[in-house]
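# Observations on chain architecture
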Amino acid sequence: MASIRALIVDDSSVMRKIVERCLRQAGVELSTVYEASNGAEGLAIVGSNQVDLILSDINMPVMDGLEFVKNLQAAANAKGVPIVMITTEGGEAQVTQALTLGARGYIRKPFTPDQVKQHVVPLL
Amino acid sequence: MTPVMTTRVAGSTFQRDEWSSALYEAAAEVFELMVGESVSRQDDAAADGANDTTAMVGLAGALCGVLTVRCSASSAAAIASKMLGEPLGSTSGADQLLDALGEICNMVAGNFKARIAGLQEKCMLSVPTVITGEDYSLRSLADNERLELCVLFQNQPILVRLEVHA
């Protein structure tokens, strides 16, 4: 697996670190990890950096994860980039909405490192 | 035999025993998976120790109320350190422990509503708020039902409370 650039969007810095650790435990080689605490920060990062994987929370201040994914459709650097939502909000309607907007996977918190591996690695 | 207490709560039926079990199971799973330690329920330990760090998440929609997770700052620091898998930073540690407890509260709330039929789709969560200090009172402006339980994490009490607006 080639080294990748990942963007992790979550308003919890602790959760961002956990997600990064799970990716490394899954054998994902990370050349760069960009972190954003909300969707607006995530969009700014994608606007000026090429990334290979995006993992995003949904319930965040300023811009939530669904709005973030919706806005990513217009970002040239996000074309074809797999997006996986990681969130406490695991209702079917939200899952469907996220997938319709372009997310490729959905992980509900709390999660295990194996779940991150199962949902992310096949997309890389 | 104790009668089952039921109250109609904004479209859901509040069943004390069932919801109390769901709340404990939600908290236990969050600690098991995200903190990496098991917790045990021990409600009579609730009054022990300082509980000066409180995380809160609001619930709105089919269920309106607030879920709080309350513990000592040292327990919150231990939780954060376990979640991060490393000691807390000397400068960022204070923020990390608040962040970690807020996220625990958020996940317990999300996991709880996923265990109650009909709530997953129709109940939304706020982003977490964390309060430090013990000298405050929280007063709901509506009649409410209250569930409270205590779990022991590293032999220290963690109080989990759900107040539901009737």
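Note: the structure precedes this text.
This structure is a prediction, so every number in the text was calculated from the model and none was measured.

The next subject is the overall build of chain B. A tally of helices and strands in chain B yields four helices and nine strands. Going from the N terminus to the C terminus, chain B shows its helices and strands as β-β-α-β-β-β-α-α-α-β-β-β-β. Considering only intrachain contacts with a sequence separation of at least 6, the fraction spanning at least 24 residues in chain B is 65%.

This part takes up helix α2 (residues 39-48) of chain A. All names here are of chain A. Within α2 the residues assigned to the buried category are G39, G42 and V46. Projection of α2 onto a plane perpendicular to its axis shows the buried side chains occupying an angular sector of 55 degrees, all on one side. Along α2, exposed side chains directed more than 90 degrees from the buried face belong to A44, G47 and S48.

What follows deals with the packing of helix α1 (residues 16-35) of chain B against helix α3 (residues 93-115) of chain B. Each pair of packed helices gets described by two things: the angle between the helix axes and the distance between those axes. Residue and element names in this part refer to chain B. Between α1 and α3, the least distance of the axes is 8 Å, while the angle of their chain directions is 130 degrees. Accordingly, the angle class assigned to the pair α1 and α3 is oblique. α3 is crossed by α1, and the crossing has right-handed handedness. The segment α1 lies against α3, with A22, L23, E25, A26, A27, E29, V30 and M34 engaging I104, M107, V108, N111, F112 and R115. Across the contact of α1 with α3, the residue classes tally to ten nonpolar, one polar and three charged.

Further remarks concern the pairing of strand β8 (residues 144-153) of chain B. Residue and element names in this part refer to chain B. Direction of pairing for strand β3 (residues 40-41) relative to β8: antiparallel, over a ladder of two bridges. Within the sheet, the bridge partner assigned to S40 lies in β8 and is L152. As paired strands, β8 and strand β9 (residues 156-165) are joined by ten bridges and run antiparallel to one another. Following the sheet pairing, F153 is matched in β9 by Q156. A loop of two residues connects β8 with β9, the two strands running antiparallel in sequence, and Q154 in this loop sits at a positive phi of about 50 degrees.

Before going further, it helps to examine the sheet that holds strand β1 (residues 4-9) of chain A. Residue and element names in this part refer to chain A. In spatial order, the strands read β2-β1-β3-β4-β5; together these five strands make up an open sheet with parallel pairing. On the outer flanks of this sheet lie β2 (30-36) and β5 (105-108), each paired with one strand and no other. Strand-to-strand twist across the sheet, computed as the mean angle between neighbouring axes with direction ignored, equals 20 degrees.

Right, let's talk about the interface of chain B and chain A for a bit. Each partner contributes residues to the interface: chain B has 22 residues there, and chain A has 21 residues. It is α3(B) that contributes the most residues to the side of chain B that touches chain A, ten residues altogether. When the residues that make up the side of chain B that touches chain A are grouped by side-chain class, the tally is eleven nonpolar, seven polar and four charged.

Residues and elements named next belong to chain A. Alternating residues of strand β3 (residues 53-56) divide into L53 and L55 and I54 and S56, and every residue in both groups is buried. Where β1 lies against β3, four bridges are found, and the strand directions are parallel. The residue of β3 that forms the bridge with I8 is L55. As defined by bridge partners, β3 adjoins strand β4 (residues 83-87) across three bridges and the pair is classed as parallel. Bridge assignment links S56 to a residue of β4, and that residue is M85. Handedness of the β-α-β unit built from β3, helix α3 (residues 65-72) and β4 comes out right-handed.

Before going further, it helps to examine the nonpolar core. A general tendency of soluble globular proteins is for nonpolar side chains to be buried together. Core analysis: the largest hydrophobic core is formed by 79 residues, its most contacted members being B:L23, B:A27, B:I79, B:L101, B:I104, B:C105 and B:V108. In contact with B:I104, other than residues within four places in its own chain, are B:V30, B:A55, B:V69 and B:I79.

Attention now moves to helix α5 (residues 113-120) of chain A. Listed as buried for α5(A) are A:V116, A:H119 and A:V120. Buried residues of α5(A) fall within an arc of 85 degrees about the axis and therefore sit on the same side.

Parameters at a glance
For every chain, the first residue of the written sequence is number 1, and numbering continues from 1 along that sequence. Whichever chain is written first is A, and whichever ligand is written first is 1; the rest continue in order. In keeping with the model being predicted, local features are shown solely for residues with a pLDDT of at least 70 and side-chain atom pairs are shown and tallied solely at 80 or more, while totals for entire chains, interfaces and linings include all residues. Strands are runs of DSSP state E lasting at least 2 residues, helices are runs of H or I lasting at least 4, and numbering of each runs from the N terminus. Contact criterion: two residues are in contact if their C-beta atoms, reconstructed from the backbone, are within 7 Å. The exposure label follows from counting other C-beta atoms within 10 Å of a residue's C-beta, where the C-beta atoms are placed from the backbone and the thresholds are 20 or more for buried and 12 or fewer for exposed, leaving partly exposed in between. Taking the helix axis as origin, the arc is that swept by the directions to the C-beta atoms. As a rule, the C-alpha atoms of each element are fitted with a line to give its axis, helices using only the stretch in contact, and angles between N-to-C directions run from 0 to 180 degrees. When describing relative orientation, an angle under 35 degrees is termed roughly parallel and one over 145 degrees roughly antiparallel, while 65 to 115 degrees is termed roughly perpendicular and anything else oblique. Crossings are classed by handedness, with left-handed meaning an anticlockwise turn of the near helix from the far one by less than a right angle and right-handed meaning a clockwise turn. We call Asp, Glu, Lys and Arg charged. Ala, Val, Leu, Ile, Met, Phe, Trp, Tyr, Cys and Pro are nonpolar, and the rest, Gly among them, are polar. Only when DSSP finds a minimum of two bridges between them are two strands counted as paired. By the criterion used throughout, a crossover qualifies as right-handed when its path from the first strand across the helix to the second strand runs clockwise, the strands pointing away from the viewer. In this description, a nonpolar core means buried residues of the types Ala, Val, Leu, Ile, Met, Phe, Trp, Tyr and Cys, linked to one another by C-beta atoms lying within 7 Å.

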